[in-house]
Amino acid sequence: MGALAELAGDEKNGEGSRTFVFTNEGHTLGNALKTIIARYPEVDFCGYTIPHPTEQKLHFRIQSRRDRAIDILKRGLEDLEGLCDHTIVTFEKEMAEFNAMKVENT
């Protein structure tokens, strides 16, 4: 993963509203993370933009009246990591079963 920064100018909106800038990231991370975080009941808004196609930057916005945006982002990244880990384990298990069945049938 690339570097993470906080976009300047959000201080007046409180700690629940922030725009984070991920460098060297794009739609793959943005859409997956948005899908997870948008489902949290404490989140009022969650979205992302790629400011320009030639820039490797992802602007990720979180707004919440209850929790700090940085805490929501951290939880979302942890949940996404857990989902990816589960996907890898499930895939590897199914591949092992498929390959074992393939060997039995030859």
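Our structure's up above, just so we're on the same page.
First things first, this report covers the structure right here in the doc. (Residues numbered from 1 in each chain as written. Predicted model: local features only at pLDDT ≥ 70, side-chain atom pairs only at ≥ 80, totals over all residues. Heavy atoms only, no water.)

**Observations concerning the sheet that holds strand β4 (residues 57-63)**
Operational definition: Two strands qualify as a pair provided DSSP detects at least 2 bridges between them. Runs of E in the DSSP output that reach at least two residues are strands. Runs of H or I that reach at least four are helices, and both are numbered from the N terminus. Angular values range over 0 to 180 degrees, each being the angle between N-to-C directions of two axes fitted as lines to C-alpha atoms, with helices fitted over their stretch in contact. Throughout, a contact is declared for two residues whenever any of their heavy atoms are within 4.5 Å.
One open sheet holds the four strands; their spatial order is β1-β2-β4-β3, and the pairing between them is antiparallel. In the strand order of this sheet, the two ends are held by β1 (4-6) and β3 (45-49), each with one partner. Shown here is a sheet whose adjacent strand axes are inclined to one another by a mean of 20°, direction ignored. Pairing of strand β2 (residues 17-23) with β4 involves seven bridges; the strand directions are antiparallel. Bridge assignment links V21 to a residue of β4, and that residue is H59. Sheet contacts for helix α2 (residues 69-104): β1, β2 and β4; angle to β2, the most-contacted strand, approximately 45°.

**Observations regarding the pairing of β2**
Definition in use: Summary of the burial criterion: residues with accessible area below 20% of their type's maximum are buried, those above 50% are exposed, and those between are partly exposed, where the area comes from a 1.4 Å probe applied to protein chains only.
Summarising burial for β2: six of the seven residues are buried, a large majority. Where β1 lies against β2, three bridges are found, and the strand directions are antiparallel. Along β2, the bridge assignment pairs E6 with F20.

**Some remarks on the pattern of salt bridges**
Put simply, the test is: The rule for a salt bridge is simple: a side-chain nitrogen of Lys or Arg has to be within 4 Å of a carboxyl oxygen of Asp or Glu.
The final tally for this structure, using the stated rule, is seven salt bridges. Residues K93 and E94 are paired through a salt bridge, measuring 3.8 Å at the closest nitrogen-oxygen approach. Using a relative accessible area of 48% as the deciding quantity, one classes K93 as partly exposed. We classify E94 as partly exposed; its relative accessible area is 42%. Each member of the salt-bridge network shares a partner with another, and the members are E15, R68 and D71.

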